[in-house]
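A structural walkthrough
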Amino acid sequence: MTTRQLLSLAFRESRFARRRLFLFLSAISLGVAALVAVQGFASTMKREMSAQARAMLGADVQLQSRDPFGPRTTEVLESLARGGIDVARVTSFASMARHAENGATRLVQVRAAEPGFPFYGTIETSPAGQWASLQDDRNAVVEPALVVALGAEIGDVIEIGKARFRIIGELHRMPGDIEIASSFAPRVFIPARYVDETELLGYGARVTYEAFLRVPDPELAETIDEGYRPIWRAERVRSRTLQEQQEQIDEALGMLGRYLGLVGVFALLLGGIGVASAMSAYMSRKVDSIAVLRCLGATSREVLALYLLQAGAMGLLGALVGVLAGAVVQWVLPQMLTGLLPVDVPIRVDGPAALTGLVAGMATALAFALLPLLEIRTVSPLRALRRRVEPLIARGHDKLRLGMAIALVVGVVALIVYQAHDVFAGLGVSLGIGITLLALWLAARACTKLLRRAPHAGFPFMFRQSIANLYRPGNQTMTVVVALGFGAFLLATLVLTQANLLRPLTANSETRFNLVLLDVQVDQIEPVRDVLAMHDIEILDSVPLVSMRIAAVKGEPVRRFLEDELVLDGDGSLPEPTQDLEPDEGRPRRWALRREYRSTFRETLTESERLVAGRWWNERNATDGEAPFAVSLEQDIARDLGVTLGDRIDWDIQGVTVPTVVTSIRAVDWARLEPNFFAVFEPDALRDAPQMWVLLARAETAEARTAAQRDVVAQHPNVSVIDLTLVQAALDEVIGRVSLVIRFLAAFSVATGFVVLLGSVATGRLERIRESVLLKTLGATRRQIGAILLGEYALLGLLAVLVGAGLSLAASWALARFLFDVPFEAALGPMLAIAAVIVALSAAIGLSASREVFRTTPMEALREE
Amino acid sequence: MLIARGLEKTYRSGERTLTVLRDVDLEIDEGDFVAILGPSGSGKTTLLGLLAGLDTPSRGSVAIDGTDLAPLTEDERARFRRDNVGFVFQSFQLLPSLTALENVQVPLELRGDRNVSARAAALLERVGLSGRLDHYPTQLSGGEQQRVALARAFVHEPRILFADEPTGNLDAATGEGIIALMEELNRERGTTLVLVTHDPLLAGRARRTIRLADGKIVADSAAA
C-alpha cells in the first residue's frame, strides 16, 4: 500500500466517525488551551514587566531605610546631587486623612515626594496633568478609593496630622502599581517640603525613607551603588539598582512561568488521559472495520498506520483549536486578576507558547493514542465472520504495550523536569503526581470493589441494575473514576485550602475586635477610651509597643558581627539580606540583628501563643525588677539569632541599653490578626521606656466605626485607626481573585474528566444499547431504563467524588499542617457543593450521551441477530 | 389468541419506499405451536417483531388476547409484554453483568414482583441448571445460555412466547434439547409458541407452519 493510498483510506475510513473523533479532539484542545494560556500569560507578563522595569522603579538607583538617612548617606547624596545626578526623596508613613469639612476619616499611606519623582514612567491623573502641579502648593494627589471613602471632591481640603492639603487630582495609573493595594490604605501624595507641618514624624512613627537617583549611564549607576554600598549598609540603608530590579523581576516571573508551565503540563497530561480514553472508545467501534480490513489482506502494521494517521490529524486539529482557545483564556486571565497585576498585560498570542502548544499537543495526542491503538493489532480477521457478544480485547502481557507505557511515563517525567528547569523539583513533582494518581487508583479500586461486594439484595431492581452496569464487561469505570476523581481532588483541595487560609481572618468575627487604634500615646489612652465610649465602643485590649534594636547577643556587640562581614566581603558588596545563609554554629542571621524590633511587655501569655521551652515569669519572679530582665522570644527568631534559654541579649532602646536573659521560647500563631511579637518582656523591663499603645476595640455597626474614627482623629490627629472590616474585605478580594484563577485552571482538569466520562459512555455504547433494548423487549419502560442509566452515572460521579474529595481531605490537611501552618478544618459546605455539581453533571452528561438508548426500539434486538 | 389483520410494513429510504411485508392476515390459536419459515429477506423477523409488539405496522393491526396493540404507546406495549409475552433469541441475549439467576429474575423484577428468586431458581432447576445459578453468561456454554434464556422467557408465565431462530447458534444435539424443552413447557403451561426458523427439522416439530416469501404468506399448513 502506498503512502498516498494509506492517507486516502485513512481519510475515507473516518467518514462516518469524524463526529466520534471530536471527543479525542476536545481532550487535546483542553490540555493545549491550558498550556498555551498559562505559558503565554507568564511570558507576556514577563516581557511587559521587563520593559517597564525602569518605570516601575521610577529611577536608576533607589535607596530605602526605616530611619532617616544617616549623616554619611546624606553626605553622599548631597555630593552626588552636586555632581549633576538627580536625587528625589520620598518619605512614606501611615496616617489618618481627615476631610476638613465633613470630618470623615480613612487610614492612608502618605507619600511625601520631592520634585522630580518619579524620574521615569508617567503618572496618570484625573483631571489630567495634575501631577505636574503637585509641588506648586499644599496640594495632594490621592487614590480614588480615598475620595470615595471621605465623600470628597476635587478641590476639597484634607487634614493629615496638623497640616492641610487640597486635593487637586485623583491618581489613576502609576507604573508598577498594584491597584488593589489601595483598598488597604489609599495613597496620598503630598509635596515633601510640607511634611514637617503634619508633625507626625516623631518617635514611634513607622516611616520609610527613600531616595531616588537618576543616573543616565547604567554603568555609572552600578558603580555608584557598588562604591557607596558599604556606607549605605553601615547606616542600614538598602539599595536597589535598575539592573537588580530587572533581575528580581526575571527571577520572580521565571518562577511564576515555571509554576504555570507545570500547571499547563498537568492539563496536557490530563488531556492525554482523555485522548487514551477517547481513542479506545473510537477503536471499540472500529473493531469490525478492522477485522474486515484484515480479512481483505491489510497487515496489522498498515491498520495501525491507518488509525495513527487519523489520530495524528485529530491531534493537529485539536492542538490548533487548543491554541486558539488558549489565546482566549490568556485574554480572560488578566481580567480575573484585575487590580492585582502591576502592568497591563496586552492580549497577544505568544509565538513560542503557541508553538510549544502545537508540538506538545500533537506529541501527546499520538503518544497517548498509541496505547489503545496497539490493542488493535490483536484484532483477528475471524471477527468479521463471527461477531461475538463479548468485548474483543484479549488483555494479556503485551511487551510492546508495556514498553510503550514505560516510554510514555518517561516522556511525561522528562517534560515535567524540562518545565520545572530543575531535575529534583521535576522529579519531585512527577513523584507527587504519580503518588496522587496511584492513591486515586487504589481508592477507586477499593470503592468499586466495595460497591460490588456490598449486598444489594434489598435494593430495588433498577438500582441493582445500575450498579451491575458499572461492572459491565469492558467497562471504563476505573478510568472514569480516576480521571474525574482527579478533577474533584484538585478542585476540592483548592477550595479546602482556601477556606483554611481565610478562616483565621473570619473566625469569631462576631466576638473579635474590628478596630485597631495605632500610635496612641500613654496620656491619650484615657481620652481615646472616653471618645470610644461615647459611641458605645469598648476597648477589648490595649498593648504597649516599644521600638528597639539589638545591641549585643551573648555579650557580643551587634556592630562587631556586621563589621566582620564588611571585612570578610572584601569588595565591600554585601549580599541582599534575604540571601542570608543558614546560621552556622549559632551565628546570628544578619537581618535578625539589623532589624528594628517592636516589642511589648505583659504579665501573661495570649491566646495565640504557647510556650515551647522555659517558663513564663508569672510562675516565678527571678529578676525582682533587677537587670538583666526576663525576655521571651518567638521560636523562629530565637533560632535566627542563634540564642536559646539562658542566653543574654542586650537591647538598645533610644540609646538606653536594657540587658535581658532569654527565659522562655514561644510558638506564635501568626495567622491571627492579634498583635504578636518576636520579643515579649517582663513588665519591669520596659514600664518606663518610651512607648506607643495599640488599642483593640469592637464596634457593632459601620456607622459607629466611621463616627468613632472621625471623632478620635479629630482630637488626636497622630492616632491611626485601622478598620479591620475594610482590610478583611480587601484580603477576601485578593484571595478570591487569585483562587478564582487557580480554580479556573482546576476546572480544566474537571472538564477533562468529563471528556473521559464521555469517552467511556461512547465505548460502552453498543453494549448499553443492546442491554436497554433487551430490557425493553422484556417489558422495561423508558422510565425504568432512564432510572437505570441515571443511577449508573450518578454512581460513577459519586464514586469519583468520594475518591477525589476523600483524598483532598488528606492533601489539604497536609498543606495546612506542613506548608501554611494553619489549623485544619474541613469546609463541608463547599465540598458538598462540589460533590453535588460533579454528580449532577456526570448524571446529566451520561444521560444526554445515552439519548440513543431511549430512541432505539426493541425491534433492534431482533435486527441484531 | 392472536389476530393480525392486513399487516403492512414499509420503510422509506430517500425517494424509494421499501415494502417488507404486505397484507398479512393471521390468526393463531391459544396453545398452538407455530413455525414461520422463509428465505432471507422474506420478512420473517419483521413479522415476528410486529406480532410481538416490538414494532408498529405501517398499516393493519395486531391484537393479542383481545388487546389491540396499535393504539398503545411504546411504554404501554412494554408493560403489555412484561405481563403477556416471552422472548427467546438466536444469540441468547443474556445480560452479561448478571448471573443466570439474576437474568431470569429480570422480567419479574421489571414488574415489581417480590420474592422472585425462588420462582427463578425453580425454573432454572426445571431447565436443568440448578447447579449454575450464580454463574455469569460467559461462564456458561451456548446451550446452557439458551436454557437460561428459556427460563427467563417462561418465568413470568407469558400467554405467548416468540422465538427467533432459537437453535441457530447451537449444534444439532443441543438445539434438539432446547426444542424438546420448549415443547414440554408449551404442553405443561399451555403457552402459545411462535418461532421463526430456517431449520426444517425444527419446523417439522411445529403443529403449524407458515411460509413467507417477498413479504407475503405463501403457504400455511393450517389452511391446507
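How each quantity is defined
- Residues numbered from 1 in each chain as written.
- Chains lettered and ligands numbered in written order.
- Predicted model: local features only at pLDDT ≥ 70, side-chain atom pairs only at ≥ 80, totals over all residues.
- Heavy atoms only, no water.
- Helix = DSSP H or I, 4+ residues; strand = E, 2+ residues; numbered from the N terminus.
- Buried < 20%, exposed > 50% of the residue type's maximum accessible area, 1.4 Å probe, protein only.
- Contact = heavy atoms within 4.5 Å.
- Areas by Shrake-Rupley, 256 points an atom, 1.4 Å probe, with all protein chains shown as cover.
- pLDDT = per-residue confidence, 0-100.
- Patch = residues over 30% accessible without salt bridge, like charges linked within 9 Å, V, L, I, M, F, W, Y side chains within 5 Å.
- Salt bridge = Lys/Arg side-chain N within 4 Å of Asp/Glu carboxyl O.
- Lys, Arg positive; Asp, Glu negative; His and termini not counted.
- Charge placed at Lys NZ, Arg CZ, Asp CG, Glu CD.
- Pairing = 2+ DSSP bridges.
- Expected span 1.5 Å × (residues − 1).
- Arc of directions from axis to C-beta.
- Nonpolar A, V, L, I, M, F, W, Y, C, P; charged D, E, K, R; others polar.
- Axes fitted to C-alpha atoms, helices over the stretch in contact; angles between N-to-C directions.
- Polar contact = N/O pair within 3.5 Å; in protein donor to acceptor, adjacent residues only side chain to side chain.

Bringing the overall build of chain A into the picture now. When helices and strands are tallied, chain A shows 25 helices and 21 strands. The burial tally for chain A puts 53% of its 865 residues in the buried class. A sequence separation of at least 24 residues applies to 82% of the contacts in chain A between residues at least 6 apart. Summing over all exposed atoms, chain A offers an accessible surface of approximately 38,400 Å²; the carbon and sulfur share of this is 59%.

So, about the confidence of the model for chain B. For chain B, mean pLDDT is 87; residues scoring 70 or higher make up 99% of the total. Confidence estimates for the predicted assembly give a pTM of 0.66 and an ipTM of 0.77.

Residue and element names in this part refer to chain A. A surface patch of positive charge is lined by Arg445, Lys449, Arg452 and Arg453. Position of Lys449 among the secondary structure elements: in helix 11 (residues 423-453). Residue classification places Lys449 among the partly exposed residues on the basis of a relative accessible area of 40%.

Glycine aside, residues mostly have negative phi angles, and peptide bonds mostly take the trans form. Residue and element names in this part refer to chain A. At the junction of Phe117 and Pro118, the peptide bond is cis and its omega measures out at -10° in the coordinates. By the secondary structure assignment, Pro118 is in the loop between strand 3 (105-113) and strand 4 (124-126). Cis geometry is found at the peptide bond from Ser126 to Pro127, where omega equals 0°. The backbone phi angle of Gln654 is positive, close to 50°, even though this residue is not glycine. Tracing the chain through its elements places Gln654 in the loop between strand 17 (648-653) and strand 18 (656-668).

Let us now look at the sheet that holds strand 1 (residues 2-13) of chain B. Spatial strand order, 2-1-4-5 (chain B): four strands in an open sheet with antiparallel pairing. Looking along the sheet, the strands with just one partner apiece sit at the ends: strand 2 (16-28) and strand 5 (67-68) of chain B.

With that settled, the discussion passes to helix 23 (residues 828-849) of chain A. All names here are of chain A. Here helix 23 spans 31 Å end to end across 22 residues, near enough to the 32 Å set by a 1.5 Å rise per residue. Three or more residues of helix 23 are buried, namely Met831, Ile834, Ala835, Ile838, Val839, Ser842, Ala843, Ile845 and Gly846. Projection of helix 23 onto a plane perpendicular to its axis shows the buried side chains occupying an angular sector of 165°, all on one side.

Pairing between side chains of opposite charge can happen when their charged atoms approach one another. In this structure the tally under the stated criterion is 40 salt bridges over all chains. Its salt-bridge partner being Glu109(B), residue Arg464(A) comes within 2.5 Å of it at the nearest N-O pair. Taken together, the residues Arg464(A) in helix 12 (residues 461-470) and Glu109(B) in helix 3 (residues 100-111) connect one chain to another. Taking relative accessible area as the criterion, Arg464(A) reaches 19% and is therefore assigned buried. We classify Glu109(B) as buried; its relative accessible area is 10%.

Take the confidence of the model for chain A next. Residue and element names in this part refer to chain A. Averaged over every residue, the pLDDT of chain A is 81; residues scoring 70 or more account for 89%. Contacts from residues 386-394, a stretch scored under 50 in pLDDT, to residues over four places away or in other chains number 14 contacts. With pLDDT under 50 throughout, residues 565-584 is counted as low confidence; its partners more than four residues away or in other chains account for 28 contacts.

Residue and element names in this part refer to chain B. Of all five residues in strand 3 (residues 33-37), five are buried; the element is thus mostly enclosed. For strand 3 and strand 8 (residues 192-196), the ladder comprises four bridges, and the chain directions are parallel. Each bridged residue has a counterpart across the sheet, and for Val34 the counterpart in strand 8 is Val194.

Residue and element names in this part refer to chain B. Examined bridge by bridge, strand 1 and strand 2 share nine bridges and lie antiparallel to one another. Considered in strand 2, the bridge of Lys9 is made with Leu21. In textbook terms, the turn of a hairpin is the stretch between consecutive antiparallel strands, and for strand 1 and strand 2 this stretch comprises two residues, one of which, Gly14, has a positive phi near 65°.

Here we take up the interface of chain A and chain B. Contacts between the two partners involve 31 residues from chain A, matched on the other side by 31 residues from chain B. Between the two partners, chain A and chain B, sit two salt bridges. Looking at the side of chain A that touches chain B, the elements with two or more residues in it are helix 12, helix 21 (765-777), helix 22 (782-820) and helix 25 (859-863) of chain A. Examining the composition of the side of chain A that touches chain B, we find that six residues originate from one element, helix 21 of chain A, more than from any other. Residue composition of the side of chain A that touches chain B, by class: 11 nonpolar, eight polar and 12 charged.

Glancing now at a nonpolar patch on the surface. All names here are of chain A. Judged by side-chain polarity, Leu316, Leu317, Leu320 and Val321 come together as a nonpolar surface patch covering roughly 310 Å² of accessible area. With respect to the secondary-structure elements, Leu320 resides in helix 8 (residues 300-336). Overall, Leu320 belongs to the partly exposed group, its relative accessible area being 42%.

The next subject is helix 1 (residues 3-13) of chain A. An α-helix turns once per 3.6 residues; consequently, residues spaced three or four apart project the same way. Residue and element names in this part refer to chain A. Residues Leu6, Ala10 and Glu13 constitute the buried set of helix 1. The arc that holds every buried residue of helix 1, seen down its axis, measures 75°, which confines them to one face. Opposite its buried face, helix 1 presents the exposed residues Arg4 and Phe11, each directed more than 90 degrees away.

The next subject is the sheet that holds strand 10 (residues 216-220) of chain B. All names here are of chain B. Read across the sheet, six strands follow the order 6-7-8-3-9-10 without closing on themselves; strand pairing throughout is mixed. Looking at the sheet topology across the chains shown, the edges are occupied by strand 6 (85-88) and strand 10. Averaged over all pairs of adjacent strands, the angle between strand axes in this sheet comes to 20°, irrespective of strand direction. Relative to strand 10, strand 9 (residues 208-213) is paired through four bridges, and the arrangement is antiparallel. When the sheet's bridge partners are listed, Ala213 is paired in strand 10 with Lys216. In the packing of helix 6 (residues 172-189) onto the sheet, contacts are made with strand 3, strand 7 (160-164) and strand 8, and the angle to strand 8 comes to roughly 150°.

Here we take up the environment of Lys46(A). Residues and elements named next belong to chain A. Structurally, Lys46 is set in helix 2 (residues 18-51). Residue classification places Lys46 among the partly exposed positions, given a relative accessible area of 31%. It is 5.9 Å that separates the C-alpha atoms of Lys46 and Leu253, two residues lying 207 residues apart in sequence. Excluding residues that lie within four positions of it along the chain, Lys46 makes contacts with Asp250, Leu253 and Gly254.

Okay, the side chain of Gln524(A) next. All names here are of chain A. Looking at where Gln524 falls in the secondary structure, it is placed in the loop between strand 11 (515-521) and helix 14 (525-534). Residue Gln524 is classed as buried on the basis of its relative accessible area, which comes to 10%. Of note is the side chain of Gln524, whose polar atom sits 3.4 Å from the side chain of His716. A distance of 2.8 Å separates polar atoms of two side chains, one belonging to Gln524 and the other to Asn718. Once residues within four sequence positions are removed from consideration, Gln524 is found in contact with Asp519, His716, Asn718 and Val719.

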